[in-house]
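Remarks on the overall topology
Next come the chains, spelled out residue by residue.
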Amino acid sequence: MLVKICGITTLAEALIVADEGADFIGFVFAPSTRYIDPFQAQEIAKELPASLKKVGVFVNETKANIEAIANQVGLDYIQLHGDETAEFASSLPLPVIKALTVSDTLVFDLNHFPADYFIIDSPGKKYRGGSGKTFDWRALTQMPINFDNIFLAGGLNEKNVNLAIQTVSPIGVDVSSGVESNKKKDALKITEFIKQAKLKGRKYNDNI
């Protein structure tokens, strides 16, 4: 089971994510309470192992800015969380992760969007991105979706992630607020989340 911990803003948080065996770490370069300055992200990225894939989260950003930040930080993936087109995604220099709300999947053609992975999340509130609330996982399993490249997100935490995995059988899980206390990343929650996700996680063959 692939695990992505998103919304990292400090080196201390990042090192916990790395030490506990997460596969992806997310830096938010879009309006958000978890926004991080690219220079800060660059300094953090220098301390991370190559095995931990660095993801930059962008919302309706220009190609030039995405490329500049990707080069500066040393990103491995670009996560698109806005209204970006398939043509725009194809023009980017790195593999793409496309984030969708669960309602988007009813009208969005996943088969014709050039992304390595898709994140299916609950609808956001003030900002693009999830609300930190769960949605009906079973309803998702009724949709004609190939879960071999789907990350599940939305209200996941250390207490429900294993059930979510067993219900949906995604390739990975993505969390941000679910591993926080008082809006700050919580080391114990990160540790337990990763442990629970990896416990009986779906087996996969992936060269990330």
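No experiment lies behind these values; they were computed from the predicted model shown. (Residues numbered from 1 in each chain as written. Predicted model: local features only at pLDDT ≥ 70, side-chain atom pairs only at ≥ 80, totals over all residues. Heavy atoms only, no water.)

**As for the sheet that holds strand S5 (residues 96-101)**
If you trace the 8 strands once around the closed barrel, you get S1-S2-S3-S4-S5-S6-S7-S8, paired in parallel fashion. Here the strands of the sheet are splayed against their neighbours by 25° on average, with no regard to which way each runs. Pairing of strand S4 (residues 77-80) with S5 involves 3 bridges; the strand directions are parallel. When the bridges of S5 are listed, Ile78 appears paired with Val96. (Pairing = 2+ DSSP bridges. Helix = DSSP H or I, 4+ residues; strand = E, 2+ residues; numbered from the N terminus. Axes fitted to C-alpha atoms, helices over the stretch in contact; angles between N-to-C directions.)

**Brief notes about the pairing of strand S3 (residues 53-58)**
In the case of a regular strand, side chains alternate between the two sheet surfaces. In terms of burial, S3 is a largely internal element, 6 of the 6 residues being buried. Residues Lys53, Val55 and Val57 of S3 are buried on one face, and the alternating residues Lys54, Gly56 and Phe58, pointing to the opposite face, are buried as well. Of the strand pairs in this sheet, strand S2 (residues 24-28) and S3 are connected by 5 bridges, and their pairing is parallel. Across the sheet, residue Phe24 finds its bridge partner in S3, namely Lys53. Since S2 and S3 lie parallel, the crossover through helix H2 (residues 38-45) that links them has a hand, and here it is right-handed. Pairing geometry for S3 and S4, over 4 bridges, is parallel. Note on S4: the bridge partner recorded for Val55 is Tyr77. Each parallel crossover has a hand, and the one from S3 via helix H3 (residues 63-73) to S4 is right-handed. (Buried < 20%, exposed > 50% of the residue type's maximum accessible area, 1.4 Å probe, protein only. Right-handed = clockwise from strand over helix to strand, strands pointing away.)

**Considerations on helix H7 (residues 187-199)**
Over its 13 residues, H7 extends 18 Å from the first C-alpha to the last, a length consistent with the 18 Å expected when each residue adds 1.5 Å. When H7 is considered as a whole, its buried residues turn out to be Ile190, Phe193, Ile194, Gln196 and Ala197. Projected down its long axis, H7 carries its buried residues within an arc of 165°, all on one side. The exposed set on the far side of H7, more than 90 degrees from its buried face, consists of Leu188 and Lys195. Where the residues of H7 are buried, they touch strand S1 (2-5), helix H1 (11-19), helix H6 (161-168), strand S8 (172-175) and strand S10 (184-185). A side-chain oxygen of the first residue of H7 lies 2.9 Å from the backbone nitrogen of Leu188; this N-cap is Asp186. (Expected span 1.5 Å × (residues − 1). Arc of directions from axis to C-beta. Contact = heavy atoms within 4.5 Å. Polar contact = N/O pair within 3.5 Å; in protein donor to acceptor, adjacent residues only side chain to side chain.)

**A look at the side chain of Asn160**
Note on placement: Asn160 falls in the loop between strand S7 (150-152) and H6. Residue classification places Asn160 among the buried residues on the basis of a relative accessible area of 14%. Among the polar contacts listed, one links the side chain of Asn160 to the backbone nitrogen of Asn157, at a separation of 2.8 Å. In this structure, Asn160 is in contact with Thr134, Trp137 and Gly155, ignoring residues within four places of it in sequence.

**Section: the environment of Thr141**
Tracing the chain through its elements places Thr141 in helix H5 (residues 137-141). Spatially, the C-alpha atoms of Thr141 and Thr167 are 7.9 Å apart, while their sequence positions differ by 26 residues. Apart from residues lying up to four places away in sequence, Thr141 is in contact with Phe147, Thr167 and Val168. Within the structure, Thr141 has its side chain in polar contact with the side chain of Gln142 (distance 3.2 Å).

**Brief notes about the packing of H6 against H7**
Between two packed helices, both the angle of their axes relative to each other and the distance between the axes serve to describe the pair. H7 packs onto H6 with a crossing angle of 30° between their chain directions and a minimal axis gap of 8 Å. With respect to H7, the axis of H6 lies roughly parallel. The two elements H6 and H7 meet at a crossing, and its hand is right-handed. Side by side, H6 and H7 meet where Val161, Asn162 and Ile165 of the first sit next to Phe193, Gln196, Ala197 and Leu199 of the second. Per-class residue counts for the contact of H6 with H7 are 5 nonpolar, 2 polar and no charged. (Parallel < 35°, antiparallel > 145°, perpendicular 65-115°, else oblique. Left-handed = near helix turned anticlockwise from the far one by under 90°. Nonpolar A, V, L, I, M, F, W, Y, C, P; charged D, E, K, R; others polar.)

**Considerations on the nonpolar core**
Within soluble globular proteins, side chains that are nonpolar tend to cluster in buried spots. If you look at the biggest cluster of nonpolar residues, it comprises 55 residues, and the most contacted ones within it are Ile5, Phe27, Phe29, Leu80, Leu140, Val173 and Phe193. Counting residues in each nonpolar core, the second largest holds 11 residues, with Leu2, Tyr117, Ile119 and Ile171 among its members. (Core = buried A, V, L, I, M, F, W, Y, C linked by side-chain atoms within 4.5 Å.)

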